[in-house]
Amino acid sequence: MAKVPVQFSLNGSEKAEFVDSGATLLAVLRGKAGDTSPKGGCHQGTCGACSVLIDGELRLSCLTLAETCEGAEITTTAGLAEAGVLHPLQRAFMDGFAAQCGFCTPGMLMAAKALLDRTPNPTREDVVEAISGNVCRCTGYEPIIQAILAAARANSHNAA
Amino acid sequence: MRLAKNYFADERRDDLNEIGQGRPRADVPGHVTAKTTYFADRNFPGMLHLKMVRSPHHHARIRSIDTSEAEKHPGVVRVLTAKDVPHNTYTILILIQIGPEDEHVLAEDKVRWKGEAVVAVLAETERAAQEAAAKVKVDYEVLPAVLDMEAALKPGAPLVNEHHGQNYYMYDSGACRKVRFGDVEKGFAEADHILEQTYSSSPIEQAPMETTGCIAVPDGNDRFTCYTNTQAMFFTLDNTSIILQMPGSQLHLVGGTAGGGFGGKVDVIVEPIAILAAKLTGRPVSFIYSRHEEMQISSPRAAETITIKDGVMKDGRIVARYVKGYTDAGAYSRHSPYGAQKGAAHYPGPYTIPNVWADTYCVYTNRTPSSAMRGFGVTIADFALEVQMDKLARLIGMDPLEFRFINAYRDGDMKAHRQTTEGAALIECMQEAARAANWPVAEKYFALSSHPREG
Ligand code: FES
Ligand code: FES
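Procedures and definitions
- Residues numbered from 1 in each chain as written.
- Chains lettered and ligands numbered in written order.
- Predicted model: local features only at pLDDT ≥ 70, side-chain atom pairs only at ≥ 80, totals over all residues.
- Heavy atoms only, no water.
- Helix = DSSP H or I, 4+ residues; strand = E, 2+ residues; numbered from the N terminus.
- Buried < 20%, exposed > 50% of the residue type's maximum accessible area, 1.4 Å probe, protein only.
- Contact = heavy atoms within 4.5 Å.
- Areas by Shrake-Rupley, 256 points an atom, 1.4 Å probe, with all protein chains shown as cover.
- Lys, Arg positive; Asp, Glu negative; His and termini not counted.
- Salt bridge = Lys/Arg side-chain N within 4 Å of Asp/Glu carboxyl O.
- Polar contact = N/O pair within 3.5 Å; in protein donor to acceptor, adjacent residues only side chain to side chain.
- Axes fitted to C-alpha atoms, helices over the stretch in contact; angles between N-to-C directions.
- Parallel < 35°, antiparallel > 145°, perpendicular 65-115°, else oblique.
- Left-handed = near helix turned anticlockwise from the far one by under 90°.
- Nonpolar A, V, L, I, M, F, W, Y, C, P; charged D, E, K, R; others polar.
- Arc of directions from axis to C-beta.
- Domains from an automatic or database assignment.
- Buried area = accessible area lost by both parts, 1.4 Å probe.
- UniProt positions renumbered as here; feature names shortened; annotations may be inferred.
- Phe/Tyr/Trp six-rings, centres within 6.5 Å; stacked < 30°, edge-to-face > 60°.
- Lys NZ or Arg CZ within 6 Å of the ring centre and 35° of its normal.
- Pairing = 2+ DSSP bridges.
- Right-handed = clockwise from strand over helix to strand, strands pointing away.

### Quick notes on the overall build of chain A
Okay, step 1: Counting its secondary structure elements, chain A contains 5 helices and 5 strands.
Okay, step 2: In terms of principal-axis extent, the alpha carbons of chain A reach across some 50 × 35 × 25 Å.
Okay, step 3: Residues counted as buried form 49% of the 160 residues belonging to chain A.
Okay, step 4: Across chain A, contacts joining residues at least 24 apart in sequence account for 54% of those joining residues at least 6 apart.
Okay, step 5: Surface accessibility of chain A: about 7200 Å² in total, with carbon and sulfur atoms responsible for 51%.

As structure tokens, then:
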């Protein structure tokens, strides 16, 4: 099958891959770029486990063709901690017991980051709306909502 | 968290280090940094993908299987049928002598449920495996199917599973598991009221976020490493050893991390065929359920039908309980004979009832085999019997919580299945619940305790 060259930045580092035409970004990140942080829970756009940020926008990597990501800036949970320092969202998920099996967590964190990047002081409704495309079968949504709100509070506290 | 220290004060220790403390989970740093390694977070060069050809019928005889077109499909490396599996007929609980072996890794002469695995296709890519699977031709003679337990138990119903010979599991105690305690007939004769109700449930899918799967890798020395999300490592190891007729020393299972399971990952389904495929091709093999397979193919919680007949006195005492419980195993046993058996012991619930008669049946139908899910065998029973408790309370005009206080078991009470009650705390839990919910309960119920009855 003809391969398509694609270059993108992944969590700040440059990547160049030859991908199958039609391959999903999820498959390329996990299988070629060595980043297994996005998870495949359904491969059909219904669970949110594969969520990543493409140029700052929340996207489902299982429904994104890798070849459309030429020149894109891709952020995943693997790049969330900076120089070993956890992102406030990661701290809040740890402290608030917002991850049980952990499989939905990378997708939840990306959805939450997309929200906080745009809306630093979200309401509870904003949070619910932001994670409405992400399924969790273990933790229960309440600790996740609370963790995202706590991270927002920690952020604004630090900013003040 | 508040600990109510006035309860069980004589048994309480206050020098505990963990109880009452908030502790972070040991694995949560891995989760939030996405460093936790799930089985599918591994890539192996030359890995093949396995796709199953599945039965489109609930019940059918297989006249012939033609894999020639599939084998010619570009990218296909190997196609497996029943004859490739060394010990194709198995049952998970044979490890604890709960037989007979009644299920096939790959279907032989018949399929007994819609979705049963018939042919395994191995290819270089998932897509090639999928396309080739669609080219396998299976000639079926469709047979009449039984899709509910009532139909399955009617005389003359089509036989679901020849390994059993009848459409229910034959226990060493006969057609059902039995609990006999006291004299139920006498209890009913004395009762002020009798209430008989039937409760039914549908199968429930566990729906973990991570679908069932494994990757099997040959290590070059006729040993195989299998990365799996099974919830039952040793069941899987031992059953794989039986199915592949391979000593356990050749099998190295790596697991322990599952993206949710809830009981849906305790059956031994994907590993034996993936390891066999790795052995026959000499290459790593990935067999991962699609979301569709997870929802339609993996075993759900069993459907159950439960009839409860209770005799109750005007003063609130339940004096007799008669239960008939049916568990729909689907086409094969898996863990259901065990689940149905648990129900038999459980039907009195956390209540002390002097006269109990319970029969529980494990029934075979042409439905998806059911198996474990959180508290299987007792959860649906609890639903039925707690609804029944509310109805009984209403029948005698009593508050439903006070009604439960009257019947609550206490330490030292003999349960219907001849286990003495120990460590009961139902009364204390209900007292706390009543306080927390501001539920009005007469003061005398707050004076009760789970300590052994006087005299
Ligand atoms: S894997 Fe992309 S939404 Fe489920
Ligand atoms: S923590 Fe398991 S799915 Fe969310």
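### A look at unusual backbone geometry
Residues and elements named next belong to chain B.
Okay, step 1: The step from Gly99 to Pro100 runs through a cis peptide bond, and the omega angle for that step is 0°.
Okay, step 2: Among the structural elements, Pro100 can be located in the loop between strand E4 (89-90) and strand E5 (103-104).
Okay, step 3: The backbone phi angle of Phe8 is positive, close to 50°, even though this residue is not glycine.
Okay, step 4: By the secondary structure assignment, Phe8 is in the segment before helix H1 (28-32).
Okay, step 5: In this structure, Arg334 takes a positive phi of about 45° despite not being glycine.
Okay, step 6: Inspection of the secondary structure puts Arg334 in the loop between strand E16 (318-330) and helix H9 (336-346).

### Re the side chain of B:Glu294
Residues and elements named next belong to chain B.
Okay, step 1: With respect to the helices and strands, the residue Glu294 is situated in helix H8 (residues 291-296).
Okay, step 2: Summary of buried charges: Glu294 has no salt-bridge partner, and the nearest side chain of opposite charge, Arg291, is 5.7 Å away.
Okay, step 3: A distance of 2.7 Å separates the side chain of Glu294 from the backbone nitrogen of Thr212, its partner in a polar contact.
Okay, step 4: Setting aside residues up to four positions removed in sequence, Glu294 forms contacts with Glu205, Pro208, Thr211, Thr212 and Tyr289.

### Some details on the packing of helix H6 (residues 233-244) of chain B against helix H7 (residues 270-281) of chain B
Residues and elements named next belong to chain B.
Okay, step 1: Where H6 contacts H7, the two axes come as close as 9 Å, and the packing angle between them is 50°. One way to sum up the angle between H6 and H7 is to call them oblique. Regarding H6 and H7, the two cross each other, and that crossing is right-handed. Along the contact surface, H6 presents Thr236, Thr240, Ile243 and Leu244, while H7 presents Glu271, Pro272, Ile275 and Leu276.
Okay, step 2: A breakdown of the residues in the contact of H6 with H7 according to their chemical character gives 5 nonpolar, 2 polar and 1 charged.

### Regarding H9(B)
Residue and element names in this part refer to chain B.
Okay, step 1: Taken together, the buried positions of H9 are occupied by Ser336, Pro337, Gly339, Ala340, Gly343 and Ala344. For H9, the angular spread of the buried residues around the axis is 165°, confining them to a single face.
Okay, step 2: The inward-facing, buried residues of H9 contact strand E9 (177-181), E16 and strand E17 (356-364).

### Side note on the domain arrangement of chain A
All names here are of chain A.
Okay, step 1: Partitioning chain A into domains gives domain 1 (3-79) and domain 2 (88-159).
Okay, step 2: Its C-alpha centre places domain 1 at a distance of 22 Å from the equivalent point of domain 2.
Okay, step 3: Listed as interface residues are 17 residues of domain 1 and, on the opposing side, 14 residues of domain 2.
Okay, step 4: Summing both partners gives a buried area of about 1100 Å² for domain 1 against domain 2, and 63% of it is carried by carbon and sulfur.
Okay, step 5: The interface formed by domain 1 and domain 2 holds 1 salt bridge in total.
Okay, step 6: Remark: the boundary between domain 1 and domain 2 carries 4 residue pairs in polar contact (both at pLDDT 80 or more).
Okay, step 7: Of all elements in the fold, only strand E3 (51-54) and strand E4 (57-60) reach the threshold of two or more residues within the side of domain 1 that touches domain 2.
Okay, step 8: The greatest single-element share of the side of domain 1 that touches domain 2, amounting to 3 residues, is contributed by E3.
Okay, step 9: Class assignment for the residues of the side of domain 1 that touches domain 2 results in 5 nonpolar, 10 polar and 2 charged.

### Concerning the UniProt feature "domain: Aldehyde oxidase/xanthine dehydrogenase a/b hammerhead" (unreviewed entry) in chain B
Okay, step 1: What UniProt calls "domain: Aldehyde oxidase/xanthine dehydrogenase a/b hammerhead" (unreviewed entry) maps, in this numbering, to residues 33-144 of chain B.
Okay, step 2: The distance from the first to the last C-alpha atom of residues 33-144 of chain B is 53 Å, and the span holds 12% helix and 34% strand.

### Focus on the packing of aromatic side chains
Okay, step 1: The tally for this structure, following the rule as stated, stands at 9 aromatic pairs over all chains.
Okay, step 2: Its end group placed over the ring of B:Phe188, B:Lys309 keeps NZ or CZ at 4.5 Å from the ring centre.

### Section: the interface of chain A and chain B
Okay, step 1: Opposite the 30 residues of chain A that make contact, chain B presents 25 residues.
Okay, step 2: Interface area lost by chain A to chain B is led by A:Met94, A:Phe103 and A:Arg137, which between them contribute 28%.
Okay, step 3: At the boundary of chain A with chain B, the tally comes to 2 salt bridges.
Okay, step 4: Where chain A meets chain B, there are 14 residue pairs in polar contact (both at pLDDT 80 or more).
Okay, step 5: If you list the elements that add at least two residues to the side of chain A that touches chain B, you get helix H1 (25-31), helix H2 (88-95) and helix H3 (105-118) of chain A.
Okay, step 6: Among the residues forming the side of chain A that touches chain B, the class breakdown is 17 nonpolar, 10 polar and 3 charged.

### Focus: the pairing of E17(B)
Residue and element names in this part refer to chain B.
Okay, step 1: Among the 9 residues of E17, 8 are classified as buried, and the element is accordingly described as predominantly covered.
Okay, step 2: The sheet contact formed by E9 and E17 spans 5 bridges and is antiparallel. Each bridged residue has a counterpart across the sheet, and for Phe181 the counterpart in E17 is Val356.
Okay, step 3: One ladder, built from 9 bridges, connects E16 with E17; its direction is parallel. Within E17, the residue paired with Tyr326 across the bridge is Tyr361.
Okay, step 4: What joins E16 to E17 is H9, and the crossover it makes is right-handed.

### Observations concerning the packing of helix H11 (residues 400-407) of chain B against helix H12 (residues 426-437) of chain B
All names here are of chain B.
Okay, step 1: Remark: H11 packs on H12, axes separated minimally by 10 Å, with the N-to-C direction vectors making an angle of 160°. Compared by their axis directions, H11 and H12 come out roughly antiparallel. The crossing of H11 and H12 is left-handed. Where H11 abuts H12, its residues Leu401, Arg404 and Phe405 lie against Ile427, Met430, Gln431 and Ala434.
Okay, step 2: Residues of the contact of H11 with H12, tallied by class, amount to 5 nonpolar, 1 polar and 1 charged.

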